[in-house]
Amino acid sequence: MTSIDYSNLADRLITIYAKQKIVSDRKKFRINHAELQESLVLPVCQSIHVHANCVDVYKNPNYLNEVLDTIDLATIYMNVDKRENEPDKNPNLKYDDFVVLELLQYFKHNFFTWVNTPKCPNCQDEKNVESKGSIPFNRTLPNPDEISIVEHYQCFQCGTNIQFPRINNPVSLLRTKQGRCGEWVNCFMLILQALIGEDKDRIRYVWNQEDHVWCEYYSYGLNRWVHLDPCEAVYDEPLLYCNNWGKRMSYVIGFNQNYIIDLSDKYITPEKQIEKSSVISKNKVDKLINYYNSNKLANYYNQQVSKLGNEHKALLSVYNDIIIPRNQELDVMKEPNKPSATSTTLTKGRQTGSAAWTKSRGEDGNS
Ligand SMILES: [Zn+2]
């Protein structure tokens, strides 16, 4: 009688399942060309198209040296060591987690600057500077900084015209070190990838329909994706926006290398949930996310086949690197006993931006 090798059997079942899922998802979530084109201009869907593969840019190996040459690694790692040696540290956190915690502080307090209104270079002040609107960047010019629009201002004290280009190239932001939440998150993610990303799927861009962005990283200490707001140097407080800023939101979508995920249930409390259908039907959003995810699954499989040179191993990685983590994450979001409070040490309301700007956005904690 031959004995059954159960571990081998389990692997075989997994690979059969993974292969079937790649094929069936592709079929099930196909979207025809006309519908895809139509979705390019729909709210939320438009952003999914734009950001679907947005974390890939941070993995450019040439960027690693740029980051390491720019940031003050000695200070960061000295402070990481201090955090690691604190007697009351969270015992679940690993070295990488302390790096992230320290990077948040360094980035906000020693590296990047928030800009509401740019300073007049002549008067060295922003209080007399007023907005004159913005225009898209001239497409006929070379654009190494990947500028999307240029905001125009004028100082009514001395008459100087001031331009504030909105830069999208994260490496350029290592040089300019300023902007609003878009620039903050873009540059922060570049540094985060350089310090902890390796070749893993560990960093995630998080986009909110109500005009804010932040990010997440995968913590091996906590075994989950952890919320990070670089503008506020806030760690693992997903209810910051609803509970603390009083922000009402409709959709929150996360973009990591291997999949796109609707994170609305993680970040939006029932009281602050703007009716999703008032923005766009959830079905349309889910359909587009499924479409991209089915492509990501197939692409990842192809990459793994070329990397590992083995179909069986490639299918196991698809299962372990995408199917399982995504399902686990979706399950956790459905749990009824999610945390419902932010930590009591947080200051009420948004900390970046002027008081009037914050209030006008309903983010001052009093809305
Ligand atoms: Zn001036």
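Every value quoted in this text rests on a predicted model; they were computed, and no experiment measured them.

Chemist: So what's going on with the coordination of the zinc ion? Which residues, and what values?
Modeler: Each pair of donors in an ideal four-coordinate tetrahedral metal site encloses 109.5 degrees, whereas pairs in an ideal six-coordinate octahedral site enclose 90 or 180 degrees. Taken together, Cys120 (SG), Cys123 (SG), Cys155 (SG) and Cys158 (SG) make up the protein donors of the zinc ion, found 2.2 to 2.3 Å from the metal. Every donor counted, the 4 donor atoms about the zinc ion form angles of 102 to 114 degrees at the centre, which fits tetrahedral coordination. In terms of primary sequence, the donors binding the zinc ion are separated according to C-x2-C-x31-C-x2-C. A relative accessible area of 0% places cysteine 120 in the buried class. Residue class for cysteine 123 comes out partly exposed when judged on its relative accessible area of 31%.

Chemist: Summarise helix H8 (residues 181–197); cite the residues concerned and give the values.
Modeler: For H8, the tally of buried residues reaches 16 of 17 residues, placing the bulk of the element in the interior. Glutamate 198 lies just past H8 and shows a positive phi near 50 degrees.

Chemist: Talk me through the sheet that holds strand S7 (residues 212–219); I want residue IDs and the actual numbers.
Modeler: Here we have 6 strands laid out as an open sheet, ordered S9-S8-S7-S6-S10-S11, and antiparallel in their pairing. Either end of the sheet is taken by a strand with one partner, and the two such strands are strand S9 (234–235) and strand S11 (260–262). Relative to S9, strand S8 (residues 224–229) runs antiparallel, the two sharing 2 bridges. Each residue of the ladder has a partner; that of aspartate 229, found in S9, is valine 234. Strand contacts of H8: strand S6 (203–208), S7 and S8, with the helix running at about 15 degrees to S7, the strand carrying the most contacts.

Chemist: Before we move on, could you go through the side chain of glutamate 210 and cite the residues and values that matter?
Modeler: Take glutamate 210: it is sitting in the loop between S6 and S7. No salt bridge is formed by the buried glutamate 210; its nearest oppositely charged neighbour, lysine 247, is found at 6.2 Å. In this structure the side chain of glutamate 210 is engaged in a polar contact, spanning 2.9 Å, whose partner is the side chain of asparagine 208. Within the structure, glutamate 210 has its side chain in polar contact with the side chain of serine 250 (distance 2.7 Å). When sequence neighbours within four positions are dropped, the list of residues in contact with glutamate 210 reads Lys247, Arg248, Met249, Ser250, Tyr251, Ile274 and Arg361.

Quick notes on the rules
- Residues numbered from 1 in each chain as written.
- Predicted model: local features only at pLDDT ≥ 70, side-chain atom pairs only at ≥ 80, totals over all residues.
- Heavy atoms only, no water.
- Donors = N, O, S within 2.8 Å, 3.2 Å for Na, K, Ca; no water.
- Tetrahedral: all angles 85-135°; square planar, octahedral: opposite > 155°, others 65-115°.
- Buried < 20%, exposed > 50% of the residue type's maximum accessible area, 1.4 Å probe, protein only.
- Helix = DSSP H or I, 4+ residues; strand = E, 2+ residues; numbered from the N terminus.
- Pairing = 2+ DSSP bridges.
- Contact = heavy atoms within 4.5 Å.
- Axes fitted to C-alpha atoms, helices over the stretch in contact; angles between N-to-C directions.
- Lys, Arg positive; Asp, Glu negative; His and termini not counted.
- Salt bridge = Lys/Arg side-chain N within 4 Å of Asp/Glu carboxyl O.
- Polar contact = N/O pair within 3.5 Å; in protein donor to acceptor, adjacent residues only side chain to side chain.

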